[in-house]
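# Structure at a glance
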Amino acid sequence: MSQCRARGLQRLLRCKHASGSKASCSRLVLGIETSCDDTGAAVMDETGTILGESLHSQKEVHLRSGGIIPTVAQQLHRENIERVVQEALDRSGVTPAELCAVATTVKPGLALSLGVGLQFSQRFVREHNKPFIPIHHMEAHALTVRMLHPLTFPFLVLLVSGGHSLLAVARGVRDFLLLGHTLDEAPGDTLDKVARRLSLRKHPQCFTLSGGQAIELLAKDGDRKRFGFRTPMGQTPDCCFSFAGLRNQITMLIKKKEAEEGVEEGTLLSCVNDIAAATQHTVALHLAKRTHRAVLSGGVASNQYIRKALMIITEATGLRLLCPPAKFCTDNGVMIAWNGVERLREGNGILPPDVDVSYEPK
């Protein structure tokens, strides 16, 4: 960055506010999230206080289509982003002029979804002459816990979702040591695919739930010991994950049970609760074992069963398990705003409004 541009950025960051305004005692950040199928925005002060937020979920639309269609997600983001951002500002009582910066997810995620959020944000910061903070989606998830607990670096991070699975040591706001990642698919993706193969949308308790939520609900009344799935990578001495082989085991069992019950694919099996329980248990066991390996060597965070499995590991190793509440485990504008606050405090990764930024899906 040129010296002239750097001086201009410093002037922007010296937020001068009228006496008595909400922003007069604290720098304010607007966070914007559009990495997948949720349009989120939030306004936060530098203490981590959420002043206003708004979230539009596309969940029901994608449930009807059996999965996320990128072009549909893009269109829904376009239709809702201006309203969502305005609602967050209105609820916070903050005007664009009072903001100190705008933080927006630029990677990773669905390209078409990321593009909507980035395009809107760059127009916004240029119109209002505000610094821009491009955010790494996984960094934001990893740092959310610091918004809720007085947690110092370093700490071990386990991130599990529909698109990601990784273990890392958080050493600073932008400093992560990656210990392991998924070699094929993420646990949330596995649970969603198993739910589709079990046709859980036809279950009277599950037609409004995502695949992972349906598995968790049915597992509560299932016998996890009835079906014994092998835990993946039992002999592999690292901290990586693999879920594709487990899904293949489950698919083979489903086919076997369909044949035994004399039903076609798409029919609900009588043992569906037990399959759900065994599936969830094996996913949790795999996550716990790899996390245990990471602990000894150096969000699907909203699933309560997986949290209990991880608590066994932390209690056995004298560590403490900190999980954000479920509403902060899914994608939201709050975590992006908080990541922006952390960057603003350090003066790290803050760009002038006229700098061109590209999104990175991978």
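All values reported here derive from a predicted model rather than from experimental measurement.

## With respect to the packing of helix α3 (residues 70-92) against helix α4 (residues 111-128)
Interhelical geometry of α3 versus α4 gives an angle of 35 degrees and a closest axis separation of 8 Å. Here the hand of the crossing between α3 and α4 comes out right-handed. Only L112, S113, V116, G117, F120 and F124 of α4 make contact with α3, whose side of the interface consists of P70, T71, A73, Q74, H77, R78, I81, E82, V85 and L89. In the contact of α3 with α4, the residues fall into nine nonpolar, five polar and two charged.

## Topic: unusual backbone geometry
Note the cis peptide between K107 and P108, where omega equals -25 degrees. Relative to the elements of secondary structure, P108 occurs in the loop between β4 (101-107) and α4. In this chain, F153 is followed by P154 through a cis amide linkage whose omega measures 0 degrees. In this fold, P154 is placed in the loop between α5 (137-148) and β6 (155-160).

## Remarks on the pattern of salt bridges
If charged atoms from side chains of opposite charge come close, those side chains can pair. Scanning the entire structure with this criterion turns up 17 salt bridges. Notably, a salt bridge pairs E46 with R27, separated by 3.4 Å at the nearest N-O pair. In this pair, E46 is assigned in the loop between β2 (38-45) and β3 (50-57) and R27 in the loop between α1 (3-13) and β1 (28-33), connecting sequence segments 19 residues apart. For R345, the salt bridge identified is with E342, shortest N-O distance 3.8 Å. With R345 and E342 both in helix α12 (residues 333-346) and three residues apart, this pair spans about one turn of that helix.

## Brief notes about the packing of aromatic side chains
In this description, a pair of aromatic rings is defined by centroid distance and the angle of the planes. In the structure shown here, the tally under the stated rule is three aromatic pairs. Here F153 and F155 contribute two aromatic rings whose centre-to-centre distance is 5.5 Å and whose plane-to-plane angle is 15 degrees, an arrangement assigned as stacked. For F153, a relative accessible area of 24% gives the class partly exposed. Residue F155 is classed as buried on the basis of its relative accessible area of 12%. Ring centres of F241 and F243 lie 6.3 Å apart, and the angle between their planes is 10 degrees; on these two criteria the pair is classed as stacked. Just as F241 is buried, F243 falls in that class too.

## Things to note about helix α8 (residues 244-261)
Taking 1.5 Å as the rise per residue, α8 with 18 residues should run 26 Å; its terminal C-alpha atoms sit 26 Å apart, in good agreement. Regarding α8, the residues found buried are L246, Q249, I250, T251, L253, I254, K257 and E258. Following α8 by one or two positions, G262 adopts a phi angle in the positive range, close to 65 degrees.

## Quick word on the pairing of β1
The element β1 is largely enclosed, with a buried count of six among its six residues. In β1, alternate side chains face the same way, and those of L28, L30 and I32 on one face and V29, G31 and E33 on the other are all buried.

## Observations concerning the sheet that holds strand β7 (residues 165-172)
As summarised here, the arrangement of the three strands in space is β6-β7-β8, forming an open sheet in which the pairing is antiparallel. Across the chains shown, the open sheet's two edge strands, defined by having one partner strand only, are β6 and β8 (175-181). Along the sheet, successive strands turn relative to each other by an average axial angle of 25 degrees, direction set aside. For β7 and β8, the ladder comprises six bridges, and the chain directions are antiparallel. When the sheet's bridge partners are listed, L167 is paired in β8 with G180.

## Quick notes on the side chain of S35
Considering the arrangement of structural elements, one finds S35 in the loop between β1 and β2. By relative accessible area, S35 is classed as buried at 3%. Of the polar contacts made by the side chain of S35, one reaches the side chain of H137; its length is 3.4 Å. S35 has contacts with T105, P108, G109, L110, S113, L114, H137 and D331, leaving out every residue within four places of it along the chain.

## As for the pairing of β2
Here β2 lies mainly inside the structure; eight of its eight residues are buried. As paired elements, β1 and β2 share six bridges and run antiparallel to each other. Bridge pairing in β2 places L30 opposite V43. Bridge count between β2 and β3: seven bridges; the pairing is antiparallel. Within β3, the residue paired with M44 across the bridge is I50. Two successive antiparallel strands, β2 and β3, enclose a turn made up of four residues, where G48 displays a positive phi of approximately 95 degrees.

## A closer look at the nonpolar core
Formed by 38 residues in total, the largest nonpolar core has its most connected members in L198, L200, I215 and I275. Sorting the residues of this core by element identifies β6, α6 (187-197), α7 (211-219), α8, α9 (272-296) and α10 (304-317) as the ones contributing at least two each. Looking at which element gives the most residues to this core, the answer is α9, with 10 residues. Excluding residues that lie within four positions of it along the chain, L198 makes contacts with I215, I254, L268, L269, V272 and I275.

Calculation notes
Residues numbered from 1 in each chain as written. Predicted model: local features only at pLDDT ≥ 70, side-chain atom pairs only at ≥ 80, totals over all residues. Heavy atoms only, no water. Axes fitted to C-alpha atoms, helices over the stretch in contact; angles between N-to-C directions. Helix = DSSP H or I, 4+ residues; strand = E, 2+ residues; numbered from the N terminus. Left-handed = near helix turned anticlockwise from the far one by under 90°. Contact = heavy atoms within 4.5 Å. Nonpolar A, V, L, I, M, F, W, Y, C, P; charged D, E, K, R; others polar. Salt bridge = Lys/Arg side-chain N within 4 Å of Asp/Glu carboxyl O. Phe/Tyr/Trp six-rings, centres within 6.5 Å; stacked < 30°, edge-to-face > 60°. Buried < 20%, exposed > 50% of the residue type's maximum accessible area, 1.4 Å probe, protein only. Expected span 1.5 Å × (residues − 1). Pairing = 2+ DSSP bridges. Polar contact = N/O pair within 3.5 Å; in protein donor to acceptor, adjacent residues only side chain to side chain. Core = buried A, V, L, I, M, F, W, Y, C linked by side-chain atoms within 4.5 Å.

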